Structures are given as structure tokens and as C-alpha cells.
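# Reading the structure
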Amino acid sequence: MLGDNVGAGDLGAYGGLTPTPRLDELAAEGVRFTNFNTEAQCTPTRGALMTGRMPIRTGTYTVPLPGSPLPYGLSPWEYTIAELLSDAGYATACFGKWHLGKVRGRIPTDQGFDEWWGISETSDEADYTSYPMYPKEFEVPKVKKSVKGEPFEEVADFDREIRPFMDEHIANHTLEFIRRNSAAGKPFFAYVAFTNVHPPMMPHPDFADVSKKAGPCNIAELDHRAGQILDLLEELGLTEDTIVVWASDNAAGTLLGETMGSSGYWRGSFGGGWEGSIRTPAMVRWPGRIPAGLVTDEIIATYDWMPTLAGLVGESDRMPTDRPIDGIDMSSFMLGDTDTSGRESFL
């Protein structure tokens, strides 16, 4: 599960003021990282997460702005964590924000996922059609879905009407995917890319009373949505056999005039080079395998997740050897077999 622009000081376990009991519980049941490092923008982090490689290598070194020449996004020849797990026999799905390409060849189901529902670009697009000067001839942003091997479909306008309900939809699609594959007895990989707390920050009605400000309302919803997924795993008897990762793509700050959240005690905020931009919450749980209650300041970076997850599920041999891999396999550290992560620096 990936939050969007959740800062180092937003969750209760990290000193945040908004109650996040489900994520705090998840952190206590596994490893909580206090030195998790992302990239400074959405697209670079997501490219690193998918490939185990620095964004400069994969064509995802910056957020594509409206009007950027096509195609852009993750290069089609990259080998993603979804492709690796699909090749290993897992059902794979991406629900939520992709932000790694919008044309055929660069959408999730062209990059290893069996299915996708969500948005291909930034959550900013929900505001576009509300701008009085937004040209009528410009395309209306859409919510999309696709299955592997077929063109994507546009299923709804992505606008201010649907924006408050996006993470509810993302969670519901995830729950259905888990139920379906559990019933089929098939291992699964769900990449759940929530849209909160990225602007436009429009709280879901169920959480609008949490605070007068949108940020805490959206943090509360993220906590609830994580809880829904964790509860289903427990209901289906999958908790002990499921690796759960929760992190954010980059830290908080002010974007488009909206304050997203707190960077805690770190200097700087979203989009910059200070740690307040790239330090975010991160945690991983695998009951009975990953030690519970560990809080570590060992360095970990976004591009470490692909080789680490491959190592945890015994599929390290599938990691590409024909290109540089910047991530480190930290599976031994997460399983408690070593005291250090193996990473001494982060670039």
C-alpha cells in the first residue's frame, strides 16, 4: 500500500496528531523504518519502486506536466516487480494512481499487471474541468481500467465529483481482487496506490468531521482503508501468509496552495532536496517471519523494495542481470538474520 505525499510526521506511530490506530498496529506487528528514503516527486518514486532502479535510468526522472510530449513514463523494456511476480505465478493487480505513462505500452497492464483500475496521471487532474479557463477542446481526465493484453477503457470522468471517493473505490477493488484470488487458491500481488493526501484534498464524507482541515481527514481515511484490507486478510485466514508493506511516495508540504501534512522534525517539504521531502513512513509485516515490534534507523530506499520482496518470496533469481540494479536485497535484514540493512548511503 502506497500513500501519496504522506509526511514523516503524519502517522501516530511517527508522532502525528491524527489518530491512525490501524497503521500504528501494523507498524507494531512488524518493522517500522525511521530512515526510509524516497524520491522528491511522485513519478520518480513510483519508477524506482517498480524497477529497483534509479529513475534516471528508467525515464521516470521527473513528473510529466500537462502538454509533455508523448510517450513519457516508464520505458517499456523495464522489468517490473509485477512482471517478476507474474512470471513466478502470482496474480497481479494495480489499483489507484499509476503516474508512469498514459499510452498503450506504458500502462500497468503492459508492465506486468493482470488488471488495473485507477488514474494514469496525477490527482491534480480532478480539478482541471472546474477551471473556468480550461479549454473545452482539451481532453477530460478519466478514470481507467484495463486487463493484460487489451486496450484500456475509460470508465468515468476524473473530476471533483469522484475525487473524495477515489480511495474508497481503490480499496473496494483491492478487496474484490483478494477475495477472488483467495477463493481460487492463487498467490497474489496487489499494488494499492492510494490518492490521499495529494491535492485536491477533498475529504470523503465519512471522515469530514475528523478535522476542519482536509489533511487530517484524509490521513484518517488512509488508516481506515488499510484497516479494511488487513481485516479481510484476517477474515480469509491469509494474515500469516501475506507480506504487507505500507509506505508513501514522498513527503508532505504545500502543493497548489494546500498544506498536505507534516514532515515531522525534518527540514524542507515536498519537491525539495532536504530530508523533509524524501523521508516518509514505511513499515512491513509478515507474522512469524519478520520480527514484530522492531523500530530501525537503518537506511532503506524505495528502489530496495523490488529486490527485497523478490528475496522474501524466494524469487531472487528472477531479478534482471542485464542492467544495473540500484536496490539492495534486504530480506535477510527484515527476517532478522542480520543487524544491518546493507545500505550505507542513498542517492
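The notes below deal with the structure included here. Source: prediction; values computed, not measured.

Rules used in this analysis
- Residues numbered from 1 in each chain as written.
- Predicted model: local features only at pLDDT ≥ 70, side-chain atom pairs only at ≥ 80, totals over all residues.
- Heavy atoms only, no water.
- Salt bridge = Lys/Arg side-chain N within 4 Å of Asp/Glu carboxyl O.
- Helix = DSSP H or I, 4+ residues; strand = E, 2+ residues; numbered from the N terminus.
- Buried < 20%, exposed > 50% of the residue type's maximum accessible area, 1.4 Å probe, protein only.
- Contact = heavy atoms within 4.5 Å.
- Axes fitted to C-alpha atoms, helices over the stretch in contact; angles between N-to-C directions.
- Parallel < 35°, antiparallel > 145°, perpendicular 65-115°, else oblique.
- Nonpolar A, V, L, I, M, F, W, Y, C, P; charged D, E, K, R; others polar.
- Core = buried A, V, L, I, M, F, W, Y, C linked by side-chain atoms within 4.5 Å.
- Phe/Tyr/Trp six-rings, centres within 6.5 Å; stacked < 30°, edge-to-face > 60°.
- Lys NZ or Arg CZ within 6 Å of the ring centre and 35° of its normal.
- Polar contact = N/O pair within 3.5 Å; in protein donor to acceptor, adjacent residues only side chain to side chain.
- Expected span 1.5 Å × (residues − 1).
- Pairing = 2+ DSSP bridges.

## Looking at the pattern of salt bridges
- Applying the stated rule across the entire model yields 22 salt bridges.
- A salt bridge links R22 to D231, with the nearest nitrogen and oxygen atoms 2.9 Å apart. Of the two residues, R22 is situated in helix α1 (residues 21-28) and D231 in helix α7 (residues 214-235); the sequence distance between them amounts to 209 residues.
- Relative accessible area serves as the criterion here: at 22%, R22 is assigned to the partly exposed category.
- Linked by salt bridges that have partners in common, D4, R46, K97 and D249 make up one network.

## Some points on the environment of K97
- Relative to the elements of secondary structure, K97 occurs in strand β4 (residues 91-97).
- The contact partners of K97, leaving out residues within four places of it in the chain, are D4, C42, R46, I119, E121, T122, S123, Y191, A193, T195 and H198.

## Structural notes on the packing of helix α6 (residues 166-184) against α7
- Relative orientation of the contacting elements α6 and α7 amounts to 10 degrees, with a least axis distance of 10 Å. The orientation of α6 relative to α7 falls into the category roughly parallel. Taking contact as the criterion, the partners of D167, E168, A171, T174, L175, I178 and R179 in α6 are, on α7, E221, L222, R225, Q228, I229, L232, L233 and E235.
- Tallied by class, residues from the contact of α6 with α7 come to seven nonpolar, two polar and six charged.

## A closer look at the nonpolar core
- Ranked by size, the top nonpolar core spans 40 residues in total, and within it M1, L11, I178, F194 and W246 carry the most contacts.
- Contributing elements (two or more residues each) for this core: α1, β4, β5 (115-119), α6, β8 (188-193), α7 and β9 (244-248).
- Those residues in contact with L11, other than ones at most four positions away along the chain, are V6, G16, T20, L23, D24, I219, W246, P281 and M283.
- Counting residues in hydrophobic clusters, the runner-up holds 38 residues, among them L74, A282, M306 and M334.

## Observations regarding the packing of aromatic side chains
- All chains considered together, the criterion is met by 12 aromatic pairs.
- Ring centres 6.0 Å apart and planes at 80 degrees place the aromatic pair F177 and F188 in the edge-to-face group. A residue pair is termed long-range when its members are at least 10 positions apart, and F177 in helix α6 and F188 in strand β8 qualify at 11 residues.
- For F177, a relative accessible area of 1% gives the class buried.
- Joined through ring pairs, the aromatic side chains of W98, F113, F189 and Y191 make up one cluster.
- Against the face of W274 rests R267, its NZ or CZ located 3.8 Å from the ring centre.
- The lysine or arginine in question, R289, covers the ring of W286, its NZ or CZ lying 4.4 Å from the ring centre.

## Some details on the side chain of T92
- By the element assignment, T92 lies in strand β4.
- A relative accessible area of 0% means that T92 is categorised as buried.
- A distance of 2.8 Å separates the side chain of T92 from the backbone oxygen of G112, its partner in a polar contact.
- Once residues within four sequence positions are removed from consideration, T92 is found in contact with A82, L85, S86, G112, F113, D114, E115, F177 and F189.

## Let's talk about α6
- With 19 residues, α6 extends 27 Å from end C-alpha to end C-alpha; this agrees with the ideal 27 Å at 1.5 Å per step.
- Taken residue by residue, α6 has M166, D167, I170, A171, T174, L175, F177, I178 and N181 as its buried positions.
- Against β4, β5, β6 (142-147), β8 and α7 lie the buried residues of α6.

## Examining the pairing of β4
- Burial runs high along β4: seven of the seven residues are buried.
- Bridging between β4 and β8 involves six bridges; their strand directions are parallel. The residue bridging T92 from the neighbouring strand is F189, located in β8.
- Sheet analysis places β4 next to β5, joined by five bridges and oriented parallel. Bridging across to β5, F95 finds its partner in W117.

## Concerning the environment of N196
- Along the chain, N196 falls in the loop between β8 and α7.
- Accessibility expressed as a relative area gives 3% for N196, which makes it buried.
- Distance from N196 to D167, taken between C-alpha atoms, is 7.2 Å for residues 29 residues apart in sequence.
- When near neighbours in sequence (up to four residues on either side) are disregarded, N196 contacts G3, D4, V6, R163, D167, N218, E221 and L222.
- At 3.1 Å, the side chain of N196 and the side chain of D167 are in polar contact.
- A polar contact is formed between the side chain of N196 and the side chain of N218, at a distance of 3.4 Å.

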